[in-house]
Amino acid sequence: MYLSRVKIYNNIINNNKARYAGGLSSDTCSSEIYNNIINSNHAERNYGGMWFFPEGNSMKIINNTLINNNKEAIMFEAYYGSSIIFINNIISGENTELGVYGAGENNRVAILSNNCFYGIQNKHYYRVEAATRIYITNEAGLNSISDFACGGNIVADPQMKADNMHLQPASPCINAGIDPTSYINSLTNDFDGDRRPIFGQYDIGADEATNITPKIILIYPENDSSINNIKPVFKWEIPGEENNKILHFKIEIATDLEFSNILYSFESKTNSLGFNPVPPVQQGTGNQYYQIFQKLNYNTPYFWRVSAWNGLEYYIGSPTWRFVIYQP
Ligand SMILES: [Ca+2]
Ligand SMILES: [Ca+2]
């Protein structure tokens, strides 16, 4: 595909072949390229995934997934004062020889931040033409040519589902992206229409995950346990997933595993009675207790779960645990 002066978003560009730039290229224009799946493309000569040459304009490559493109996954040429923003992208796959390859005039700055690199041949995640002295930097202004931890870039298996498009629930790319709204204001959804961000933070790649591994650790009543108190004090760990967040909690008690019959739902946001300490609580600060005041029944299986409210939405629920109260 050859395009100029456009936004390129929400595309699936897989299994194409070209002499140069197997997936996508753009030339002499400002472009915003976001939410694209660009997988398994093939270049005979160079740049299996993408090649772009903005020639004095700005290139914004944000939240794309590039897997198993051959040769260089991405090539950028930053001449004539071009600006390069390259954030929240996945670049992986054993067919890829080099992740990001940059060239340009002296002292050009390219921002590479919060990208996920994995499985690339010989760990050649990115390379910059030595003669052109491009500085790769990140939001903190650090030169991160040799340090991937810099700027939130990660080297980790992105844990894609079998379609190589969506993230598995435990993917390290979930909630590991930066907020791109200072660069691009149209990233309010992912490639399949899910709202961005979900669970309070942007994901890396074209997919925003809607199901993620539960992160609230339940403590009491233990799973599959029998207890002898019809008004138990529930207990769970206050999660430490997000920076400097204060949290409210919702505890739900149901008679079935699917929570189609919820008996009780208590939200500290609307009524903090029974919650100890009284929310909102600082993330990652010990245990939260909830004293139920209603009497539960003997010999009835109960199912319970907890969600946390981070000021924006409920996120990162707990698993579901089951208990029974036996009659002494
Ligand atoms: Ca997210
Ligand atoms: Ca999604």
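Preceding this paragraph is the structure being described.
Residues numbered from 1 in each chain as written. Chains lettered and ligands numbered in written order. Predicted model: local features only at pLDDT ≥ 70, side-chain atom pairs only at ≥ 80, totals over all residues.

## Notes on the overall build of the protein chain
Item 1. Looking only at helices and strands, the protein chain has zero helices and 30 strands in total.
Item 2. Expressed as a percentage of the 328 residues in the protein chain, the buried residues total 45%.
Item 3. Within the protein chain, residue pairs in contact and separated by at least 24 positions form 71% of the contacts whose partners lie at least 6 positions apart. (Helix = DSSP H or I, 4+ residues; strand = E, 2+ residues; numbered from the N terminus. Buried ≥ 20, exposed ≤ 12 C-beta atoms within 10 Å, placed from the backbone. Contact = placed C-beta atoms within 7 Å.)

## Observations regarding unusual backbone geometry
Item 1. Cis geometry is adopted by the peptide bond preceding proline 197, which originates at arginine 196 and carries an omega value of -10°.
Item 2. Across the junction of tyrosine 220 and proline 221, the peptide omega takes the value -5°, indicating a cis bond.
Item 3. Position of proline 221 relative to the elements: it lies in the loop between strand E20 (218–220) and strand E21 (225–227).
Item 4. One non-glycine residue, asparagine 35, adopts positive backbone phi at about 60°.
Item 5. Residue position: asparagine 35 is located in the loop between strand E5 (31–34) and strand E6 (37–39).

## Some words on the sheet that holds strand E19 (residues 154–155)
Item 1. One open sheet accounts for five strands, arranged E6-E10-E13-E16-E19; its pairing is parallel. Single-partner strands in this sheet number two, and they are E6 and E19.
Item 2. Pairing of strand E16 (residues 116–118) with E19 involves two bridges; the strand directions are parallel. Each residue of the ladder has a partner; that of cysteine 116, found in E19, is isoleucine 154. (Pairing = 2+ DSSP bridges.)

## Structural notes on the environment of glycine 23
Item 1. Position of glycine 23 among the secondary structure elements: in the loop between strand E3 (17–20) and strand E4 (24–27).
Item 2. Beyond its immediate chain neighbours, meaning those up to four positions away, glycine 23 contacts Ile13, Asn16, Ile38, Asn41, Gly49, Met50 and Asn69.

## Considering the nonpolar core
Item 1. If you look at the biggest cluster of nonpolar residues, it comprises 51 residues, and the most contacted ones within it are Met50, Ile74, Phe76 and Val100.
Item 2. No other element matches the five residues that strand E11 (residues 71–78) contributes to this core.
Item 3. Among residues more than four places away in sequence, those in contact with phenylalanine 76 are Phe52, Met59, Ile84, Gly102 and Ala110. (Core = buried A, V, L, I, M, F, W, Y, C linked by C-beta atoms within 7 Å.)

## So, the sheet that holds strand E25 (residues 275–276)
Item 1. Taken in spatial order, the four strands line up as E20-E22-E27-E25 in an open sheet, and their pairing is antiparallel. Every other strand in the sheet has two partners, leaving E20 and E25 as the edge strands with one partner each.

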